[in-house]
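# Survey of secondary and tertiary structure
Residue-level listing of the chains:
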Amino acid sequence: MTSSPRTGALGFWADLPKDGRWLLSTVVVQFFGRGLTLPFTIIYLHEVRGFSLALSGTLMGLIAVVGVLVTGPAGALVDRYGARRIMLTGLFFAVAGYSVLAFATTPAVAALGLALFGVQLGVGWPSVNTLVATVVDGDLRQRYYGVNFALLNLGVGVGGVVGGLVVDVDRPGTFVMAFLVNAATFLLPVVVLLGPLRHLHGRVDRPHDADTAGESYLAILRRPEVLWLAALGLLAAFVGYGQMEGGFPAFARQIAEVSTRAIGFAFVVNTVVIVALQFWVMNRVRGRRRTRVLALMAVVWAAAWLLLGVTGLVPGGVTAVVIVLAFHAVFGLGETLMQSVLPALTNDMAPAHLRGRYNAIGSGSFQAGTIAGPVVAGLLLEHGWAGAFIGVVVAGCAGIAATSYVVGRRITPEVNGIEPAATPAATSSAPAPTGTSTTTSS
């Protein structure tokens, strides 16, 4: 496959192979269900089930704990058995997890449901990103990840609107319904993977001259660029997505004193910004150093968190609501910068037959960040240390910018996105593979 210089939604869709279109077809529906519960899970645990805010944050962190434990084995299984099989396994765990969580009235049952979903989170990233990388390559791959993220957020945003209008802390049944609908939406990608995409396995055979000793996680992590990229992912998760389910909703409720409906609409604003700007951003980052794009994202995110901190000075009013909405708009701009370049950077760095492991390292670093994110947010906000919370996440943004600079000095220009992908003939003699893609199906 080759990528085309055409831009825009229609050009992108025309460039996609049929399998790529099928992969994208379920994203909106699946993440509509996620949007029903994403902004409200910690509120559900704290205000509906009566768990303390610190315990609720710790339970949320359990998702990532299980994800970290599962991610390593999942990456190796992806490389051995194929991404499609492992992806299906994770989807079944997601259905079970959210079904259990819907009826969780005790911390133990809630922990079980969140742990089951954690399995899906742990296997999802290595399997999905690896499957995508075997279907699309070159510049089209980077564009795919960006469009996938836009569609993901469209689903989350619409789900957030519906969730904000439907869920009510005084009516626990509304939360039960939301979690059950979320569980059901994971069945659609199961149907697609068992039907139109049943011929894919998402596995690339090991080259005959490959050094098997260099395929262990320890050997991969000895590559400095991989280790620094993992650190960057950890920081991005801690200040970003680790706070979206923990720090932001808790801060908005406890410090800004806005309603659950306002929180739901904040996610809508986030979605509108991402969907409206993703193609514009993708077109402007093409051919630019990916690490510099990530550093710019860090600056944007720092500005967003500082903006949210202002709500502590004007809680409970219209001004607080406006700032909460503005926070998600600015944060969304930063997300558009990250989501098209970070997965592409990881998969271009990885040798094709080891993409499962490389994506697992990226997933593991993200899960480590999401473990710390909700726990730190819960502890700081439980004690009323709102200023310290904002200071911690802004410092994390500074760490992202610094780490991006280090990664940029340790990777090739091709991996950093500023040179065309090398041809197979050029890469066959290279001492260190940079992840040329091969479409693999059976």
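Residues numbered from 1 in each chain as written. Predicted model: local features only at pLDDT ≥ 70, side-chain atom pairs only at ≥ 80, totals over all residues. Heavy atoms only, no water.

## What to know about the overall build of the protein
- Each helix and strand in the protein was counted, giving 20 helices and zero strands.
- Overall, the C-alpha framework of the protein stretches about 65 × 45 × 40 Å when taken along its three principal axes.
- The proportion of buried residues among the 442 residues of the protein is 56%.
- A separation threshold of at least 6 residues defines the contact pool for the protein, and within that pool the share at least 24 residues apart is 85%. (Helix = DSSP H or I, 4+ residues; strand = E, 2+ residues; numbered from the N terminus. Buried < 20%, exposed > 50% of the residue type's maximum accessible area, 1.4 Å probe, protein only. Contact = heavy atoms within 4.5 Å.)

## Observations concerning the pattern of salt bridges
- Within the structure shown, the criterion is met by seven salt bridges.
- Across the pair R357 and D79 runs a salt bridge, and its minimum N-O distance is 2.8 Å. Remark: D79 occurs in helix α5 (residues 53-81) and R357 occurs in helix α18 (residues 355-382); sequence separation between them is 278 residues.
- For R357, a relative accessible area of 17% translates into the label buried.
- Among the residues examined, D79 registers a relative accessible area of 12% and is labelled buried.
- One salt-bridge network, held together by shared partners, links R141, R290 and D348. (Salt bridge = Lys/Arg side-chain N within 4 Å of Asp/Glu carboxyl O.)

## Regarding helix α2 (residues 18-25)
- Of all the residues in α2, the buried ones are D19, G20, L23 and L24. Projection of α2 onto a plane perpendicular to its axis shows the buried side chains occupying an angular sector of 140 degrees, all on one side. (Arc of directions from axis to C-beta.)

## Quick look at helix α10 (residues 187-194)
- Among the residues of α10, P189, V190, V192 and L193 are the ones counted as buried. Relative to the axis of α10, the buried residues are bounded by an arc of 165 degrees and lie together on one face.
- In this structure, the buried residues of α10 make contact with α2, α3 (27-37), α6 (83-102), α7 (107-135) and α9 (172-185).

## Quick word on the nonpolar core
- One finds Y144, F248, W301, W305 and F389 to be the most contacted residues of the largest nonpolar core, which totals 121 residues.
- No other element matches helix α17 (residues 318-349), which puts eleven residues into this core. (Core = buried A, V, L, I, M, F, W, Y, C linked by side-chain atoms within 4.5 Å.)

## Examining empty space enclosed by the protein
- Enumeration over the complete set of coordinates arrives at four cavities of 30 Å³ or more.
- Size it by volume and the second largest cavity reaches roughly 110 Å³.
- As for the second largest cavity, its lining consists of 13 residues, of which L229, A230, T346, Y358 and G362 are closest to the centre.
- Residue contributions to the lining of the second largest cavity peak at five residues, all from α18.
- Residues belonging to the lining of the second largest cavity are distributed by class as follows: nine nonpolar, four polar and no charged. (1 Å grid on protein atoms, 1.4 Å probe; cavity = no way out; pocket = protein on both sides within 12 Å on 5 of 7 lines; lining within 4 Å. Points joined across faces, edges and corners; volume = space filled by probe spheres on them. Nonpolar A, V, L, I, M, F, W, Y, C, P; charged D, E, K, R; others polar.)

## Some words on the packing of helix α12 (residues 224-239) against helix α19 (residues 386-410)
- Interhelical geometry of α12 versus α19 gives an angle of 160 degrees and a closest axis separation of 9 Å. Looking at the two axes, α12 sits roughly antiparallel to α19. In this structure, α12 crosses over α19, and the sense of that crossing is left-handed. Taken together, the residues of α19 that come into contact with α12 (itself represented by P224, E225, W228, L229, A231, L232, L235, A236, F238 and V239) are V392, V393, G396, C397, G399, I400, T403, S404, V406, V407 and R410.
- Within the contact of α12 with α19, the residues separate by chemical class into 15 nonpolar, four polar and two charged. (Axes fitted to C-alpha atoms, helices over the stretch in contact; angles between N-to-C directions. Parallel < 35°, antiparallel > 145°, perpendicular 65-115°, else oblique. Left-handed = near helix turned anticlockwise from the far one by under 90°.)

## Description of the environment of A388
- In this structure, A388 sits in helix α19.
- With 133 residues separating them along the chain, A388 and I255 place their C-alpha atoms 13 Å apart.

## Thoughts on the environment of L180
- Of note, L180 is situated in helix α9.
- With residues up to four places along the chain from it excluded, the contact list for L180 reads S99, A102 and F103.

## Examining unusual backbone geometry
- You will see that E257, though not glycine, has its phi angle at about 60 degrees, which is positive.
- Inspection of the secondary structure assignment puts E257 in the loop between α14 (247-254) and α15 (260-285).

## Focus: the environment of Q254
- As for its placement among the helices and strands, Q254 is situated in helix α14.
- Expressed as a C-alpha distance, the spacing of Q254 and D170, which sit 84 residues apart in the sequence, is 18 Å.
- Q254 has contacts with H46 and L53, leaving out every residue within four places of it along the chain.

## Notes on a nonpolar patch on the surface
- A surface patch of nonpolar side chains, about 220 Å² in accessible area, is lined by V29, L188 and V191.
- Summarising the element assignment, L188 is placed in helix α10.
- Taking relative accessible area as the criterion, L188 reaches 33% and is therefore assigned partly exposed. (Patch = residues over 30% accessible without salt bridge, like charges linked within 9 Å, V, L, I, M, F, W, Y side chains within 5 Å. Areas by Shrake-Rupley, 256 points an atom, 1.4 Å probe, with all protein chains shown as cover.)

## Examining the confidence of the model for the protein
- Mean pLDDT over the protein: 85, with 91% of residues reaching 70 or higher.
- Per-residue pLDDT stays below 50 along residues 1-5; that stretch engages in 15 contacts with residues further than four places along the chain or on separate chains.
- Counting contacts from residues 421-442, a segment whose pLDDT is below 50, to residues more than four positions away or on other chains yields 48 contacts. (pLDDT = per-residue confidence, 0-100.)

## A closer look at the side chain of T41
- Here T41 is to be found in helix α4 (residues 41-48).
- On the accessibility criterion, T41 (3% relative accessible area) is buried.
- Only 2.8 Å separates the side chain of T41 from the backbone oxygen of T37, close enough to count as a polar contact.
- Not counting residues up to four positions away in its chain, the partners in contact with T41 are M60, L101 and F179. (Polar contact = N/O pair within 3.5 Å; in protein donor to acceptor, adjacent residues only side chain to side chain.)

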